[in-house]
Amino acid sequence: MTDKILVLGASGQIGTDLIMQLRLDYGNDNVVASDIKKPVDFILNSGPFEEINVLDENRLLEVVKKYKITQVYHLVAMLSATGEKFPAAGWKLNMDSLFSVLNMAKDGLLKKVYWPSSIASFGPTTPRTNTAQYTIMDPGTVYGISKLSGELWCDYYHKKYGVDVRSVRYPGLISYKTQPGGGTTDYAVDIFHQALKTNSYECFLAENTVLPMMYMPDAIKATIGIMEAPSEDVKIRTSYNLSAFSFDPKTLADKIKSQLPNFNISYAIDSRNDIALSWPQSMDDSRARKDWAWQHDYDLDAMVKDMLENLSKE
Ligand code: SER
């Protein structure tokens, strides 16, 4: 039987790219997009879309039953910067929605669940370079606390109830189809839009604040890769470290400048820089590479080239 997939958060930065790849792989009608807000036209026009507020558990259940959903990719989250403004709402959204999905899997309605964690699950006393899979985790943001807690609940549901839930800790994600919102790593996307529009960018991180990053095609490859891996290969049920490359704003700006010589970056550092300084600069993802053969394709140069090429077409 073909899997029926529901993507929660289909209008977001990851969802937009993930839906299109899943529809190619599984067939348009087998991949249901859902979000509280309308997705872009190419998602709306290529397959089913259901409006869902993930905090409405009954509505979620209705859609799962309507389409006989077997897999859920749960991508809804309030990210790090917005979560600091609305701590209670961030915690509620991030945790309640995860429990709803995990409980549906526990009750036998779903065969597999995907739920992403993040570099934000680490904290200020975590060793920052080549951060190990197992190390100190003391997140200092509401978003990070929700991600670390969520990881532990995923592991609990797997061990206690046999729920097949899979997860990776994404670095900052860079893509051109949909902009991220409310995150600390968002600058690395916005900089491209502003560079092409105005030849300048005012950055909220310091020029030497290094963060781990990844180009979206690799994030999609990892996401579908871990979901399609044989269950016995997915040995870690909290979440896998995942890594591609790292850079600071100055390095990225220099790369853009080499393509757009008139580009200029300036800095107006805000509290998001403190968040970034509490996260790893690079991550050791050898367990993902070993357990389910993860490999990234894009390095920094390839990402910059592809971003500028695609955004220039718009
Ligand atoms: N991109 C996220 C953020 O910046 C981290 O996972 O909040």
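Residues numbered from 1 in each chain as written. Predicted model: local features only at pLDDT ≥ 70, side-chain atom pairs only at ≥ 80, totals over all residues. Heavy atoms only, no water.

S.K.: Tell me what's going on with the packing of aromatic side chains, and back it up with residues and numbers.
M.R.: According to the stated counting rule, one finds 13 aromatic pairs in the structure shown. With a centroid separation of 5.6 Å and an interplanar angle of 40 degrees, the aromatic rings of Tyr 73 and Tyr 114 are classed as tilted. You can see Tyr 73 sitting in strand E4 (residues 71-74) and its partner Tyr 114 sitting in strand E5 (residues 112-114), a full 41 residues away along the chain. A relative accessible area of 0% places Tyr 114 in the buried class. Relative to Tyr 156, the ring of Trp 153 has its centre 5.4 Å away and its plane inclined at 75 degrees; by these criteria the two rings are edge-to-face. With Trp 153 and Tyr 156 both in helix H6 (residues 142-161) and three residues apart, the pair spans about one turn of that helix. Against the face of Tyr 161 rests Lys 106, its NZ or CZ located 4.5 Å from the ring centre. It is Arg 272 that lies over the ring of Phe 204; its NZ or CZ is 3.5 Å from the centre. (Phe/Tyr/Trp six-rings, centres within 6.5 Å; stacked < 30°, edge-to-face > 60°. Helix = DSSP H or I, 4+ residues; strand = E, 2+ residues; numbered from the N terminus. Buried < 20%, exposed > 50% of the residue type's maximum accessible area, 1.4 Å probe, protein only. Lys NZ or Arg CZ within 6 Å of the ring centre and 35° of its normal.)

S.K.: Residues and numbers for the pairing of strand E1 (residues 5-8), please.
M.R.: Here E1 shows a buried face lined by Ile 5 and Val 7 and a second buried face lined by Leu 6 and Leu 8. By the bridge criterion, four bridges tie E1 to strand E2 (residues 31-35) in an arrangement that is parallel. Pairing of Leu 8 across the sheet is with Ser 34, part of E2. (Pairing = 2+ DSSP bridges.)

S.K.: So, the nonpolar core: which residues are in play, and what are the values?
M.R.: Counting 68 residues, the largest nonpolar core has Ile 174, Tyr 187, Phe 192, Phe 247, Leu 252, Trp 292 and Met 303 as the members making the most contacts within it. Among the nonpolar cores identified, the runner-up in size contains 26 residues, and Leu 60, Val 64, Met 78 and Val 113 belong to it. (Core = buried A, V, L, I, M, F, W, Y, C linked by side-chain atoms within 4.5 Å.)

S.K.: Describe the site of the ligand, with residues and values.
M.R.: Around the ligand sit Leu 79, Ser 80, Ser 118, Tyr 143, Gly 183, Thr 184, Thr 185 and Trp 279, and that is every residue in its neighbourhood. Here an oxygen atom of the ligand and a side-chain polar atom of Tyr 143 are 3.1 Å apart. In the shell around the ligand, the residues fall into three nonpolar, five polar and no charged. (Near = heavy atom within 4 Å. Polar contact = N/O pair within 3.5 Å; in protein donor to acceptor, adjacent residues only side chain to side chain. Nonpolar A, V, L, I, M, F, W, Y, C, P; charged D, E, K, R; others polar.)

S.K.: With reference to specific residues and values, describe unusual backbone geometry.
M.R.: The phi dihedral of Lys 68 falls on the positive side, at around 50 degrees, and the residue is not glycine. Following the sequence through the fold, Lys 68 ends up in the loop between helix H3 (57-66) and E4. The exposure class of Lys 68 is exposed, given its relative accessible area of 65%. With a phi close to 50 degrees, Asn 130 is a non-glycine residue in the positive phi region.

S.K.: How would you explain the sheet that holds strand E9 (residues 172-174) if you had to name every residue and give the values?
M.R.: Spatial strand order, E9-E11-E13: three strands in an open sheet with mixed pairing. Since the sheet does not close on itself, it has two edges, and those belong to E9 and strand E13 (245-247), each with one partner. Between one strand axis and the next, the sheet turns by 45 degrees as a mean value, whatever way the strands run. One ladder, built from three bridges, connects E9 with strand E11 (residues 211-215); its direction is parallel. Residue Gly 172 lies in a different strand from E11, and its bridge partner there is Met 213. Each of E9 and E11 touches helix H8 (residues 216-228); the most contacted strand, E11, lies at about 80 degrees to it. Relative to E13, helix H12 (residues 300-312) is tilted by about 75 degrees, and along the sheet it contacts E9, E11 and E13. (Axes fitted to C-alpha atoms, helices over the stretch in contact; angles between N-to-C directions. Contact = heavy atoms within 4.5 Å.)

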